[in-house]
2 protein chains.
Amino acid sequence: MPSIKDVARAAGVSTATVSRVLAGSDHVKEETRQRVLSTIELLNYRPNLVARSLRSQKSARIGLVVSDIRNPFFTAISRAVEDAAYEQGYSVLLCNTDEDPAKEELYLNVLHDESVAGIIFSPTQQFSARLSTFKSDIPFVIIDRAVNAAQADMVLLDNVAAGYELTTHLIQNGYTRLAGLFGNASTTGKERNKGFRKALEDYQLKPLAEQFIPPRIQQGYETTLMLLDQPNRPDAIFTSNSLLTAGAFQAIRYRNLKVPDDVALVGFDETTWGALVDPPITLIAQPTEEIGRTATELLFQRIEDPGRSPRTVILKGKLIARGSSAPRVNK
Amino acid sequence: MPSIKDVARAAGVSTATVSRVLAGSDHVKEETRQRVLSTIELLNYRPNLVARSLRSQKSARIGLVVSDIRNPFFTAISRAVEDAAYEQGYSVLLCNTDEDPAKEELYLNVLHDESVAGIIFSPTQQFSARLSTFKSDIPFVIIDRAVNAAQADMVLLDNVAAGYELTTHLIQNGYTRLAGLFGNASTTGKERNKGFRKALEDYQLKPLAEQFIPPRIQQGYETTLMLLDQPNRPDAIFTSNSLLTAGAFQAIRYRNLKVPDDVALVGFDETTWGALVDPPITLIAQPTEEIGRTATELLFQRIEDPGRSPRTVILKGKLIARGSSAPRVNK
DNA sequence: TTGTAAGCGTTATCAC
DNA sequence: GTGATAACGCTTACAA
């Protein structure tokens, strides 16, 4: 593997000149530039990024810390971030915390030690609480989950509005005995719950149940079974993320109940299966491409200008009404 | 951020000694070691990984290059690899090539430039052809897809056997007019096709159709529509990966046909939705955890001993028979 | 416009 | 056992 020295020697210039050519500096004679360029080509030279990082104390890598890579929402986000970063010549280190604050801390350290230029992440609730004490020298952008400390760039969904819209949709379609399953790992579940409540209040209804549980298929399954087995069974179930939706759907199926006649089901996030099951699932689709892209852009801007005042971008979800919440037929 | 020099100064030793303590060398007096250790603790020192990489010409990072992060198979693999790598103190750089040889080449370069210690990847077919010319100085392990060059460690599924088993299952359940959708991006589709053919031959049947198409939901959808609209409609559709399965399922639904009465459907890989749809999908589940873990272990072994002779690990898939291929009722 | 040389934070090779 | 010190490959003042 040739180094910058080899190129310099072969081109009959100093390493500084090669470096200048690499950096696209104007202060190089065109003739010299060409000679260096063709030598680079000839030797098939590629700069050593590690050495460059060490010297310049930064790198063309960003970190993406997600809480669950099995959640299709985060898969979609990572695609978007990767594409956006790639366009800027950056590569992405993807880390998965499993909603575990210990892993979260670990990976933030790893990323720091790898001297990434910045981090995009969705913190656990425990972490959010400590965020104010987390004096990081690394620029970062929060996605998906609000944190208290206003001193951070964020890209969020308007979760309250989304929860409200989804709930209103159910109510307007004739459902009145609503139960909600909300993820307990982040603020997202809380906010969607707030919208859920607000809608019920506005229609002078009371929630039949509000369960805050770990955002996992298994938990959604078990909790839904429990809800379905109660004497006063809900006629609609609201779930605050797609893993809970999947679990709820399984449970409804397991109890041989029909969607939406026996119980309607709505949730969040477009998934492969949401449109495949019968009936397809009504949901709020998040603009994942836009979220990932915006977060990446915000991060680059902050890297560029660490002093700028933090901004929060709030995006709107889109209601996709499908069979799982079809207007209730009177019986 | 304190450096090794700061630690050395504070502990009253040289940087060499600190480095020795860090490396766990025996040749340090216990007393000195303790002093250094507590100084490290005190200053909250953490070694600069970039500098370490530069000096030692290697890093505690491995690359994972997958062809489609939206494919649940690869999501599962990346979880397994990450966990296994993490246990060894390695972090994982995840790259997504989108089955694009250009991106593939780019990411291999990126990983090389980041001086990863090794790479696990699933090459495109185009790449496999060039693999023999790809004299890499980086240890690597191939997963999921066989390559011609025997000079590589590989972790593969016994795809021919899996295809055979899945097809036999259909035939034994009374299906005779079989069509197959196979991914054209890798050897995997080809091998599963081989098993498909073999089974048909053994039962003296002829395939109704064999389509080699890009492994995408949309392609699976379109091709299935086409198959369903033919005069001699298949009574069972074999798909060689879960994206094609999803597309086929959509198409069958769109044509208002019933699974499995009108047409049975089988595929590969456990997904969230496979068990959620009605009827649930019969499939060959791959041992993703084991594949990822084995690949990681092989990689570490090769990093350890670059000269060892390459080995190929072939794992068996597991048939999960469900409603989508229930025994055919005579009409 | 170009070259010289210092230095980024480590590890490793010598000495002592 | 421990300490100087030279590298690793690059960028960037500062000189020329």
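Our structure is the block above this text.
Residues numbered from 1 in each chain as written. Chains lettered and ligands numbered in written order. Predicted model: local features only at pLDDT ≥ 70, side-chain atom pairs only at ≥ 80, totals over all residues. Heavy atoms only, no water.

**Q** Looking at this structure, I do not really get the overall build of chain A. What am I missing?
**A** For chain A, the count of helices and strands is 12 helices and 12 strands. In terms of overall size, chain A is more extended than a compact globule, its C-alpha atoms giving a radius of gyration of 25 Å where 331 residues would be expected to give roughly 20 Å. Principal axes of the C-alpha set define a box for chain A whose edges measure 90 × 40 × 30 Å. Look at the contacts in chain A between residues 6 or more apart in sequence, and 71% of them connect residues 24 or more apart. (Helix = DSSP H or I, 4+ residues; strand = E, 2+ residues; numbered from the N terminus. Rg over C-alpha atoms; globule rule 2.2 N^0.38 Å. Contact = heavy atoms within 4.5 Å.)

**Q** Teacher, can you tell me more about the packing of helix α1 (residues 4-11) of chain B against helix α2 (residues 15-23) of chain B here?
**A** Axes are the key here: two packed helices are described by the angle between their axes and the distance separating the axes. Residue and element names in this part refer to chain B. With their axes 8 Å apart at the nearest point, α1 and α2 run at an angle of 105° to one another. Taken together, the axes of α1 and α2 lie roughly perpendicular to each other. Contact residues: α1 offers Ile-4, Lys-5, Val-7 and Ala-8, while α2 offers Thr-15, Val-18, Ser-19 and Leu-22. Of the residues contributing to the contact of α1 with α2, the split by class is five nonpolar, two polar and one charged. (Axes fitted to C-alpha atoms, helices over the stretch in contact; angles between N-to-C directions. Parallel < 35°, antiparallel > 145°, perpendicular 65-115°, else oblique. Nonpolar A, V, L, I, M, F, W, Y, C, P; charged D, E, K, R; others polar.)

**Q** Whenever I open this one, the sheet that holds strand β1 (residues 61-66) of chain A confuses me. Can you help?
**A** Paired through backbone hydrogen bonds, the strands of a sheet run either parallel or antiparallel to each other. Residues and elements named next belong to chain A. With respect to topology, six strands assemble into an open sheet ordered β2-β1-β3-β4-β5-β11, the strand pairing being parallel. Both outer strands of the open sheet, β2 (91-96) and β11 (312-315), are each paired with one neighbouring strand and no more. Strand-to-strand twist of the sheet, defined as the mean angle between neighbouring strand axes without regard to direction, takes the value 15°. Note that strand β5 (residues 153-157) and β11 share four bridges and pair parallel. Pairing of Met-154 across the sheet is with Thr-312, part of β11. The strands touched by helix α6 (residues 101-113) are β1, β2 and β3 (118-121); relative to β2, the strand with the most contacts, the crossing angle is about 160°. (Pairing = 2+ DSSP bridges.)

**Q** Please explain the interface of chain B and chain A as it appears in this structure.
**A** Where the parts come together, the accessible area they lose is often given as the size of the interface. Contacts between the two partners involve 45 residues from chain B and, on the opposite side, 44 residues from chain A. Put simply, chain B and chain A have 13 residue pairs in polar contact (both at pLDDT 80 or more) between them. Those elements that place two or more of their residues in the side of chain B that touches chain A are α4 (49-56), α5 (72-87), β2 (91-96), α6 (101-113) and α11 (242-254) of chain B. Ranked by the residues each element gives to the side of chain B that touches chain A, the list is headed by α6(B), at seven residues. Of the residues belonging to the side of chain B that touches chain A, the class tally is 22 nonpolar, 10 polar and 13 charged. (Polar contact = N/O pair within 3.5 Å; in protein donor to acceptor, adjacent residues only side chain to side chain.)

**Q** Is there a simple way to think about the side chain of B:Arg61 in this case?
**A** Inspection of the secondary structure puts B:Arg61 in strand β1 (residues 61-66). When neighbours within four sequence positions are excluded, B:Arg61 is seen to be in contact with A:Val50, A:Arg61, A:Glu114, B:Ser53, B:Tyr90, B:Ser91, B:Leu93, B:Glu114, B:Ser115, B:Val116, B:Ala117 and B:Gly118.

**Q** Honestly, the packing of helix α2 (residues 15-23) of chain A against helix α3 (residues 30-43) of chain A in this entry has me stumped. Any pointers?
**A** Residue and element names in this part refer to chain A. Direction vectors running N to C along α2 and α3 enclose 90°, while the axes themselves pass 10 Å from each other. Our classification of the angle between α2 and α3 gives roughly perpendicular. For the pair α2 and α3, the contacting residues are Thr-17, Val-18, Val-21 and Leu-22 in the first and Thr-32, Arg-33, Val-36, Leu-37 and Ile-40 in the second. Considered class by class, the residues forming the contact of α2 with α3 number six nonpolar, two polar and one charged.

**Q** For this particular structure, what's the right way to read the pattern of salt bridges?
**A** Between side chains of opposite charge, a pair can form as their charged atoms come close. Residues and elements named next belong to chain A. If you walk through the whole model with that rule in mind, you get 46 salt bridges over all chains. For the salt bridge of Arg-293 with Glu-87, the shortest nitrogen-to-oxygen distance reads 3.3 Å. Of this pair, Arg-293 sits in helix α12 (residues 288-304) while Glu-87 sits in helix α5 (residues 72-87), and the two are 206 residues apart along the sequence. Overall, Arg-293 belongs to the partly exposed group, its relative accessible area being 22%. With relative accessibility at 53%, the residue Glu-87 sits in the exposed group. (Salt bridge = Lys/Arg side-chain N within 4 Å of Asp/Glu carboxyl O. Buried < 20%, exposed > 50% of the residue type's maximum accessible area, 1.4 Å probe, protein only.)

**Q** How do you make sense of the relation of the copies chain B and chain A when you look at a structure like this?
**A** In this arrangement, two copies of a chain are superimposed by a rotation about an axis accompanied by a shift along the axis. The two copies are related by a screw motion: chain B maps onto chain A through a turn of 180° and a shift of 0.1 Å along the axis, at an RMSD of 0.1 Å. In the structure described here, the two chain copies are related by an operation that fits a two-fold rotation axis. Comparing interface residues between copies, 98% of those in chain B also sit at the interface in chain A, which points to an isologous, same-surface contact. (Least-squares fit on C-alpha atoms with pLDDT ≥ 70 in both.)

**Q** How should I be thinking about the side chain of B:Ser186 in this particular structure?
**A** All names here are of chain B. Positionally, Ser-186 belongs in the loop between β6 (178-183) and α9 (187-202). On the basis of relative accessibility, which here comes to 7%, the residue Ser-186 falls in the buried class. Engagement of the side chain of Ser-186 in a polar contact is seen with the backbone nitrogen of Thr-188, the distance being 3.2 Å. Other than its neighbours up to four places away in sequence, Ser-186 contacts Gln-125 and Arg-145.

**Q** How should the packing of aromatic side chains be read in this particular structure?
**A** Throughout the structure, instances matching the rule amount to 24 aromatic pairs over all chains. Seen from their ring centres, A:Tyr107 and B:Tyr86 are 6.2 Å apart, and the 35° between their planes marks the pair as tilted. Separated into two different chains, A:Tyr107 in helix α6 and B:Tyr86 in helix α5 make up a pair that spans both. With a relative accessible area of 5%, A:Tyr107 lands in the buried category. Residue B:Tyr86 is classed as partly exposed on the basis of its relative accessible area, which comes to 32%. Seen in terms of ring centroids, B:Phe182 and B:Phe196 are 5.3 Å apart; in terms of plane orientation they differ by 65°. Their pairing is edge-to-face. Placement of the pair is B:Phe182 in strand β6 and B:Phe196 in helix α9, with a sequence separation of 14 residues. With respect to class, B:Phe182 is no different from B:Phe196; both count as buried. Aromatic ring contacts, followed pair by pair, group A:Phe182, A:Phe196, A:Phe212, A:Phe238 and A:Phe268 into a single cluster. Sitting over the ring of B:Tyr86, A:Lys103 keeps its end group 5.6 Å from the ring centre. Lying across the ring of B:Phe268, B:Arg192 places its NZ or CZ 3.9 Å from the centre. (Phe/Tyr/Trp six-rings, centres within 6.5 Å; stacked < 30°, edge-to-face > 60°. Lys NZ or Arg CZ within 6 Å of the ring centre and 35° of its normal.)

**Q** What is the right way to read the protein's contact with DNA strand C from this model?
**A** For DNA strand C, the set of nearby residues contains 26 residues, the closest of which are A:Arg20, A:Thr32, A:Arg55, B:Ile4 and B:Arg55. Among the atoms of DNA strand C close to the protein, meaning within 4 Å, 57% are from sugar or phosphate groups. One of the side-chain N or O atoms of B:Tyr45 is found 2.7 Å from a phosphate oxygen in DNA strand C. Counting residues per element, the ones that place at least two in the surface near DNA strand C are α2 and α4 (49-56) of chain A together with α2 and α4 of chain B. Per-class residue counts for the surface near DNA strand C are nine nonpolar, 10 polar and seven charged. (Near = heavy atom within 4 Å.)

It is worth stressing that arrangement in space is one thing and function is another; only the former is reported here.
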